[in-house]
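The lines below spell out each chain.
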Amino acid sequence: MPLLELTDLSVNYGAIQAVRNLSLTVEPGEIVTLIGANGAGKTTTLRAISRMLRARSGRITFDGHDLSRASPDAAVKYGIAQSPEGRQVLARQSIADNLELGAYIRNDTAGIQADVRRMYEHFPRLGERRNQLAGTLSGGEQQMLAIARALMSRPKLLLLDEPSLGLAPIIVLEIFSIIKELNAQGVTILLVEQNARLAMQSSHRTYVMEAGQVTFSGRSAELVDDQRVLHAYLGG
Ligand code: ATP
């Protein structure tokens with residue numbers, strides 16, 4: 001059974017149909033990439049899954065639950081966490097506070113503190129700077145913080161929106177090695193990424209979106225050299 005299943009999902013902004021009859025699955029343990037040109041509807045899809053946006057129609061099933069009408073909090077409780085586009089860390093709060101914020105649905109104080117320590121082990125640079133304001137971190141460190149904050153809810157599915165955005169190439173590689181490592185530890189990942197080649201090289205399967213729809217999909221290793229993918233990615 002897929003961990004996540006979208007069936008005929010449509011999402012509108014007023015009259016604009018941003019996502020049209022989109023169906024996709026994410027199996028437990030996978031990294032799945034969603035690529036497409038600017039405005040294809042990738043962020044909208046992630047925000048519908050995390051329930052930040054309401055779908056107009058279609059179904060979202062997660063871990064056996066129908067999420068189609070669930071609240072954002074319910075999505076987190078069922079095990080979905082999102083690292084949003086642009087990272088959106090709280091610049092004027094410390095790293096420690098940002099991490100605790102990621103655990104807002106939990107009330108096991110000891111468990112939360114243990115997980116904060118685990119994040120510092122996993123992301124030593126965050127540990128070294130734990131009392132600094134998040135706004136003083138570099139872009140790559142802020143991305144690490146955004147991922148670590150999402151992990152604080154102990155998600156089964158991590159939604160990553162453009163984790164490489166605005167980062168230097170060497171830092172991008174570091175972020176992708178973190179993504180693969182998290183996956184090896186058992187976190188299932190749905191990844192939206194502009195860096196299509198690297199995302200496909202790092203994932204099991206890929207869906208290509210154009211104008212709100214999935215135009216093709218398959219194993220990433222097979223799509224990575226497909227000219228049609230390049231075409232879609234460049235915006236047709
Ligand atoms: P990008 O890589 O630029 O973030 P995307 O594939 O994530 O692109 P979306 O952000 O999901 O695309 O946008 C899909 C469509 O919905 C676009 O036509 C966009 O202009 C439109 N759109 C997105 N957000 C809004 C909004 N808040 N109000 C109105 N239209 C929106």
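Residues numbered from 1 in each chain as written. Predicted model: local features only at pLDDT ≥ 70, side-chain atom pairs only at ≥ 80, totals over all residues. Heavy atoms only, no water.

S.K.: Would you mind going over the site of the ligand with me for this structure?
M.R.: Residues in close proximity to the ligand total 14 residues, the closest being Gly39, Gly41, Lys42, Thr43 and Thr44. Here an oxygen atom of the ligand and a backbone polar atom of Ala40 are 3.1 Å apart. The side chain of Lys42 places a nitrogen or oxygen atom 2.7 Å from an oxygen atom of the ligand. For the ligand, the accessible surface in isolation is 630 Å², of which the surrounding protein chains cover 61%. Listing elements by their share of the shell around the ligand, those giving two or more residues are strand S2 (16-26) and helix H1 (42-49). (Near = heavy atom within 4 Å. Polar contact = N/O pair within 3.5 Å; in protein donor to acceptor, adjacent residues only side chain to side chain. Areas by Shrake-Rupley, 256 points an atom, 1.4 Å probe, with all protein chains shown as cover. Helix = DSSP H or I, 4+ residues; strand = E, 2+ residues; numbered from the N terminus.)

S.K.: Hey, could you run me through helix H3 (residues 95-102) in this one?
M.R.: Residues spaced three or four apart along an α-helix point in a common direction, a consequence of the helix completing one turn every 3.6 residues. Among the residues of H3, those classed as buried are Ile95, Ala96, Asn98, Leu99 and Gly102. Looking down the long axis of H3, one finds its buried residues gathered within 160° of arc, a one-sided arrangement. Taken together, the buried residues of H3 touch helix H4 (109-122), helix H5 (124-128) and helix H6 (139-151). (Buried < 20%, exposed > 50% of the residue type's maximum accessible area, 1.4 Å probe, protein only. Arc of directions from axis to C-beta. Contact = heavy atoms within 4.5 Å.)

S.K.: Hey, could you run me through the side chain of Arg87 in this one?
M.R.: Considering the arrangement of structural elements, one finds Arg87 in the loop between strand S6 (80-83) and H3. Among buried charged residues, Arg87 stands out as having no salt bridge; its nearest opposite-charge side chain is Glu193, 8.9 Å away. Leave out the neighbours within four places in its chain, and Arg87 touches Gly139, Gln142, Gln143, Ala146, Arg149, Pro163, Leu165 and Leu167. (Lys, Arg positive; Asp, Glu negative; His and termini not counted. Salt bridge = Lys/Arg side-chain N within 4 Å of Asp/Glu carboxyl O.)

S.K.: Can you walk me through the packing of aromatic side chains in this structure?
M.R.: Aromatic ring pairs: the centre-centre distance and the angle between the two ring planes describe each pair. For the coordinates displayed, the defined rule picks out zero aromatic pairs. Over the ring of Phe216 we find Arg228, and its NZ or CZ is 4.5 Å from the ring centre. (Phe/Tyr/Trp six-rings, centres within 6.5 Å; stacked < 30°, edge-to-face > 60°. Lys NZ or Arg CZ within 6 Å of the ring centre and 35° of its normal.)

S.K.: Just checking my understanding: could you explain the sheet that holds S2 for this structure?
M.R.: Strand pairing in a sheet takes place through backbone hydrogen bonds and is either antiparallel or parallel in direction. Across the sheet, which stays open at both edges, the four strands sit in the order S2-S1-S4-S5 with antiparallel pairing between neighbours. Because the sheet does not close on itself, it has two edges, and the strands there are S2 and strand S5 (65-66). Contacts from H1 reach strand S1 (4-13), S2 and strand S4 (57-62), with the element oriented near 115° to S1. (Pairing = 2+ DSSP bridges. Axes fitted to C-alpha atoms, helices over the stretch in contact; angles between N-to-C directions.)

S.K.: Would you take a moment to explain the packing of H3 against H4 for this structure?
M.R.: Interhelical geometry of H3 versus H4 gives an angle of 125° and a closest axis separation of 10 Å. Taken together, H3 and H4 sit at an angle that is classed as oblique. Read as a crossing pair, H3 and H4 show a hand that is right-handed. Taken together, the residues of H4 that come into contact with H3 (itself represented by Ile95, Ala96, Leu99 and Glu100) are Ile112, Gln113, Val116, Met119 and Tyr120. The residue makeup of the contact of H3 with H4, split by class, is seven nonpolar, one polar and one charged. (Parallel < 35°, antiparallel > 145°, perpendicular 65-115°, else oblique. Left-handed = near helix turned anticlockwise from the far one by under 90°. Nonpolar A, V, L, I, M, F, W, Y, C, P; charged D, E, K, R; others polar.)

S.K.: It is not clear to me how the nonpolar core should be interpreted in this structure. Could you clarify?
M.R.: One recurring pattern in soluble globular proteins: nonpolar side chains tend to sit buried together. In this structure, Leu99, Phe123, Leu126, Leu158 and Ile189 are the most contacted members of the largest nonpolar core, which totals 37 residues. Those elements that place two or more of their residues in this core are H3, H4, H6, strand S7 (157-161), helix H7 (169-184), strand S8 (188-192) and helix H8 (196-201). For this core, the element with the most residues is H6, which contributes seven residues. Ignoring sequence-local partners within four residues, the contact set of Leu126 consists of Ile95, Tyr120, Leu137, Glu141, Met144, Leu145 and Ala148. Counting residues in hydrophobic clusters, the runner-up holds 29 residues, among them Leu6, Val11, Leu34 and Ala75. (Core = buried A, V, L, I, M, F, W, Y, C linked by side-chain atoms within 4.5 Å.)

S.K.: How do you make sense of the pairing of S1 when you look at a structure like this?
M.R.: Consecutive side chains along a regular strand alternate between the two faces of the sheet. Where S1 and S2 come together, seven bridges link them in antiparallel fashion. Counterpart to Leu9 in the pairing with S2 is Leu22. Following S1, the chain reverses through two residues before pairing antiparallel with S2; Gly14 in that reversal takes a positive phi of roughly 55°. Direction of pairing for S1 relative to S4: antiparallel, over a ladder of five bridges. Bridge pairing in S4 places Ser10 opposite Ser57.

S.K.: Can you walk me through the pattern of salt bridges in this structure?
M.R.: Two side chains carrying opposite charge are able to pair once their charged atoms lie near each other. For the structure on display, the rule yields 12 salt bridges. For Arg129, the salt bridge goes to Glu141, with nearest N and O atoms at 3.7 Å. One end of the pair, Arg129, is in the loop between H5 and H6; the other, Glu141, is in helix H6, and 12 residues separate them in sequence. Classification of Glu141 by relative accessible area gives buried; the value is 7%. Put simply, Arg228 and Asp226 hold a salt bridge, and the shortest N to O gap is 2.7 Å. Overall, Asp226 belongs to the buried group, its relative accessible area being 18%. Within this structure, Arg106, Asp108, Asp115, Arg118 and Arg154 form a network of salt bridges that share partners.

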